[in-house]
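Descriptive analysis of the structure
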2 protein chains.
Amino acid sequence: MTNADAISAAIGALADPTRRQIVNLLRAGPMSVGELAAGLPVSRPAVSQHLAVMTAAGLLSAAPQGNRRIYALDPSGIDGLRTYLDTLWDDALAGFAAAARAQERTER
Amino acid sequence: MTNADAISAAIGALADPTRRQIVNLLRAGPMSVGELAAGLPVSRPAVSQHLAVMTAAGLLSAAPQGNRRIYALDPSGIDGLRTYLDTLWDDALAGFAAAARAQERTER
DNA sequence: GCTTACCGTAAGTCATGACTTACGCAAAAG
DNA sequence: CTTTTGCGTAAGTCATGACTTACGGTAAGC
């Protein structure tokens, strides 16, 4: 499944602390690169590189607007991670229940 | 909020490809360290180190059983990431809707 | 008792990637 | 047309962490 690659890219994109800060800033709404860089402890080119990674991962969308570029969270990309964690959570619960049954069997 | 640290640790733990392979193996059910290492392209100590990281992040739980250690997915740790992505998804949708309204305003 | 599985830890190597400064290009401003 | 603003890209540096081999320690098997 080529879907797994998208999940890997998205999780890898969220792995960096600076990138999660960018996500946090964008939760308030779309922003330009300069505005993002002003709220971060790194240089503007560093922000540009992070934005490129996250956009490639499908987590962000870029909208050129005149001289500037407005970045925003991409709901569809985030939804991929959401469903992945949902199914993972289901499997975890199933394994937990199976272990509980096995435990009960050995205890009597 | 100290909750953000848990989220960071969990996402960071899932960032490595080998660790996601471990998660995939554990989806079928709890396994010992040796069984996990047999299904992975890395050495057994490497697997041990990964398991320690993921356990510290709250994604895995370890159960000593005789001579061996059985690792399993921890539903509660996964649930933390799940709720984080849920709220992030909500914010992304809100920003998307706001951008759509602004777009409509400028287009008429 | 001794040997054999099974596992965690220590120490060291090496690649990945996050950051910087320097540069080039397109759109607004004057 | 010139200047300024806003970004992206290139090149190079440096730290983080994923991996290896070697070792020590505990539970089972003989």
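Keep in mind that this is a model prediction, so the values were computed, not measured.

A look at the side chain of A:Arg20
- Note on placement: A:Arg20 falls in helix 2 (residues 17–26).
- No salt bridge is formed by the buried A:Arg20; its nearest oppositely charged neighbour, A:Asp16, is found at 7.6 Å.
- For A:Arg20, the residues in contact, after removing those within four places along its chain, are A:Leu14, A:Ala15, B:Ser8, B:Ile11 and B:Tyr84.

Some remarks on the protein's contact with DNA strand C
- Among the 22 residues in the neighbourhood of DNA strand C, the closest are listed as A:Ser43, A:His50, B:Ser48, B:Arg69 and B:Tyr71.
- Of all atoms in DNA strand C that approach within 4 Å of the protein, 57% are sugar or phosphate atoms.
- Within the contact set of DNA strand C, a base oxygen lies 3.1 Å away from a side-chain nitrogen or oxygen of A:Gln49.
- The separation between a phosphate oxygen of DNA strand C and a polar main-chain atom of B:Gly34 is 2.8 Å.

Notes on the pattern of salt bridges
- Enumeration over the complete set of coordinates arrives at six salt bridges over all chains.
- A:Asp86 is the partner of B:Arg82 in a salt bridge, and the nearest nitrogen-oxygen pair spans 2.8 Å. Taken together, the residues B:Arg82 in helix 5 (residues 75–107) and A:Asp86 in helix 5 (residues 75–107) connect one chain to another.
- Residue B:Arg82 is classed as buried on the basis of its relative accessible area of 19%.
- A:Asp86 sits in the partly exposed class, given a relative accessible area of 24%.
- Between B:Arg27 and A:Asp91 there is a salt bridge whose closest N-O contact spans 2.7 Å. Residue B:Arg27 is located in the loop between helix 2 (17–26) and strand 1 (31–32), and its partner A:Asp91 is located in helix 5; the two belong to separate chains.
- Judged by relative accessible area, which is 25%, A:Asp91 ranks as partly exposed.

Thresholds, definitions, all that
- Residues numbered from 1 in each chain as written.
- Chains lettered and ligands numbered in written order.
- Predicted model: local features only at pLDDT ≥ 70, side-chain atom pairs only at ≥ 80, totals over all residues.
- Heavy atoms only, no water.
- Helix = DSSP H or I, 4+ residues; strand = E, 2+ residues; numbered from the N terminus.
- Buried < 20%, exposed > 50% of the residue type's maximum accessible area, 1.4 Å probe, protein only.
- Lys, Arg positive; Asp, Glu negative; His and termini not counted.
- Salt bridge = Lys/Arg side-chain N within 4 Å of Asp/Glu carboxyl O.
- Contact = heavy atoms within 4.5 Å.
- Near = heavy atom within 4 Å.
- Polar contact = N/O pair within 3.5 Å; in protein donor to acceptor, adjacent residues only side chain to side chain.

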